[in-house]
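A structural walkthrough
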Protein chains: 2
Amino acid sequence: MTLAYEDLSEGRVFNLGPAHVSADEIIAFAKQFDPQPMHLDEEAGRASLLGGLSASGWHTCAIFMRMMYEAFISDSTAQGSPGIDELNWRRPVFPGDILSGTSTVISKRVLKSRPGIGIARFRHEVVNGQGETVLEGENPVLFGLRNPGDSA
Amino acid sequence: MTLAYEDLSEGRVFNLGPAHVSADEIIAFAKQFDPQPMHLDEEAGRASLLGGLSASGWHTCAIFMRMMYEAFISDSTAQGSPGIDELNWRRPVFPGDILSGTSTVISKRVLKSRPGIGIARFRHEVVNGQGETVLEGENPVLFGLRNPGDSA
């Protein structure tokens, strides 16, 4: 059954991933959107604070989005998001990393201005294969109600 | 001269863009990272809250990153960012939009833990061709000092 606002109980956890990250993908994304040397070249990465060729933080965000899509957005009433409240790139993402994580519902409410739409706030955490957090943050996502009449 | 921490005076403004956004780019990004219907198809976009085929918010972020790269990151001592304090997708980005904007230095300090590195906090705003804000937010970026000895 399509996931709707009513299904997003506080505390519900969605498991993300796994997503494998390759050097080719890191370099392709960087060439298009973020061609800083540490995202293009192993040598430059080693000379940087990141310690090696590593993904643009925005690439990590895009991979995280794909993991959310696969985990719970794809068959849902999701209607996009107004933004990000907070997001931290805790550690670099390196070629060969296998990312996984969780998105947890931390609060929810129906919009006063649009009674057919609710907003669920999520806490997200993405970890690498060593269990180290690489990305964490919070953001709200809009979802349609299954039964708008029951919005109380 | 390469832009370094010392050059980032509070209030300094960097002009971003222009960046042209095409339907093909929107769809290609969405297929890879965020294949929600409103990012893939005009019809589905019109049926959504966004009102038409529109870019994934993460795609807008990636385009914004590229605009920052061209404006002031490319020839700089930038060393990446620890994260995003706040980011809002204010309006959808549609095919044909021409994005521009500003990144303004709002504060800066040298890291106590690494005297050769400073952190500059930016206020960012991205607008469309009609001057409407599509993305705005704040985040810190790390920059190497030109003269680490003068960090006082």
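Residues numbered from 1 in each chain as written. Chains lettered and ligands numbered in written order. Predicted model: local features only at pLDDT ≥ 70, side-chain atom pairs only at ≥ 80, totals over all residues.

This part covers the overall build of chain A. A tally of helices and strands in chain A yields three helices and six strands. The linear arrangement of helices and strands in chain A, starting from the amino end, is β-α-α-α-β-β-β-β-β. Overall, chain A is about 60 × 25 × 25 Å in size when its C-alpha atoms are taken along their principal axes. Here chain A, with 152 residues, has 38% of them falling under the buried criterion. At a minimum sequence separation of 6, the contacts of chain A that also span at least 24 residues come to 69%. (Helix = DSSP H or I, 4+ residues; strand = E, 2+ residues; numbered from the N terminus. Buried ≥ 20, exposed ≤ 12 C-beta atoms within 10 Å, placed from the backbone. Contact = placed C-beta atoms within 7 Å.)

Spatial ordering of the open sheet is given by β1(A)-β4(A)-β5(A)-β6(A)-β3(A)-β2(B), a layout of six strands whose pairing is antiparallel. Each of the sheet's edge strands pairs with one partner strand only, and the pair in question is β1 (13-20) of chain A together with β2 (83-84) of chain B. Examined bridge by bridge, strand β4 (residues 98-110) of chain A and strand β5 (residues 117-127) of chain A share ten bridges and lie antiparallel to one another. Each bridged residue has a counterpart across the sheet, and for glycine 101 of chain A the counterpart in β5 of chain A is valine 126 of chain A. Against the sheet, helix α3 (residues 57-73) of chain A makes contact with β1, β3 (86-89), β4, β5 and β6 (133-144) of chain A, and its axis sits at roughly 125 degrees relative to β1 of chain A, the strand it touches most. (Pairing = 2+ DSSP bridges. Axes fitted to C-alpha atoms, helices over the stretch in contact; angles between N-to-C directions.)

Axis separation between α3 of chain A and helix α3 (residues 57-73) of chain B bottoms out at 10 Å; the angle between their running directions is 170 degrees. Between α3 of chain A and α3 of chain B, the interaxial angle falls into the category roughly antiparallel. Between α3 of chain A and α3 of chain B, the contacting residues are Trp58, Cys61, Ala62 and Met65 of chain A on the first element and Trp58, Cys61, Ala62 and Met65 of chain B on the second. Of the residues that constitute the contact of α3 of chain A with α3 of chain B, the class distribution is eight nonpolar, no polar and no charged. (Parallel < 35°, antiparallel > 145°, perpendicular 65-115°, else oblique. Nonpolar A, V, L, I, M, F, W, Y, C, P; charged D, E, K, R; others polar.)

It is worth spelling out the relation of the copies chain B and chain A at this point. The operation linking the two copies of the chain is a rotation about an axis combined with a translation along the axis. Superposition of chain B onto chain A requires a rotation of 180 degrees combined with a translation of 0.0 Å along the rotation axis, giving an RMSD of 0.0 Å. Both chain copies can therefore be described as sitting about a two-fold axis. Residues of chain B ranked by C-alpha distance from the rotation axis are headed by glutamate 86 of chain B, positioned 2.7 Å from it. Here 100% of the interface residues in chain B have copies in chain A that are interface residues too; the copies meet face to matching face. (Least-squares fit on C-alpha atoms with pLDDT ≥ 70 in both.)

Time to look at the interface of chain B and chain A. Interfaces are often sized by the accessible area lost when the parts come together. Residue-level contacts link 29 residues of chain B with 29 residues of chain A. Secondary-structure elements contributing two or more residues to the side of chain B that touches chain A are α3, β2 and β3 (86-89) of chain B. When residues in the side of chain B that touches chain A are grouped by element, the largest group, eight residues, is from α3 of chain B. Taken together, the residues of the side of chain B that touches chain A sort by class into 16 nonpolar, nine polar and four charged.

As a further point, take helix α1 (residues 23-33) of chain A. Among the residues making up α1 of chain A, those that are buried are Ile26, Phe29, Ala30 and Phe33 of chain A. Down the axis of α1 of chain A, the smallest arc covering the buried residues is 100 degrees, so these residues share one side. Away from its buried face by more than 90 degrees, α1 of chain A exposes Asp24 and Lys31 of chain A. Lining the buried residues of α1 of chain A we find α3 of chain A together with α3 of chain B. (Arc of directions from axis to C-beta.)

The next thing to look at is the environment of glycine 11 of chain A. Residues and elements named next belong to chain A. Tracing the sequence through the fold places glycine 11 in the segment before β1. As for glycine 11 and phenylalanine 122, which are separated by 111 residues in sequence, their C-alpha atoms are 9.4 Å apart. Excluding residues within four positions of it along the chain, glycine 11 makes contact with Thr104 and Val105.

Ranked by internal contacts, the top residues of the largest apolar core, which has 70 residues, are Ala62 and Phe64 of chain A together with Ala62 and Phe64 of chain B. Where this core is concerned, the elements lending two or more residues are α1, α3, β5 and β6 of chain A together with α1 (23-33), α3, β5 (117-127) and β6 (133-144) of chain B. Setting aside its immediate chain neighbours within four residues, alanine 62 of chain B contacts Phe33, Trp58 and Ala62 of chain A. (Core = buried A, V, L, I, M, F, W, Y, C linked by C-beta atoms within 7 Å.)

Spatial ordering of the open sheet is given by β2(A)-β3(B)-β6(B)-β5(B)-β4(B)-β1(B), a layout of six strands whose pairing is antiparallel. Two strands bound the open sheet, and with one partner strand each, they are β2 (83-84) of chain A together with β1 (13-20) of chain B. Inspection of the sheet shows β2 of chain A paired to β3 of chain B by two bridges, in the antiparallel sense. Bridge pairing links glycine 83 of chain A to asparagine 88 of chain B in β3 of chain B. Those strands touched by α3 of chain B are β1, β3, β4 (98-110), β5 and β6 of chain B, and its axis lies near 125 degrees from that of β1 of chain B.

A few words now on the confidence of the model for chain A. When pLDDT is low, close inspection of the predicted coordinates is not appropriate. When pLDDT is averaged along chain A, the result is 96; 98% of the residues meet or exceed 70. Both confidence scores are given for the complex: pTM 0.97, ipTM 0.97. (pLDDT = per-residue confidence, 0-100.)

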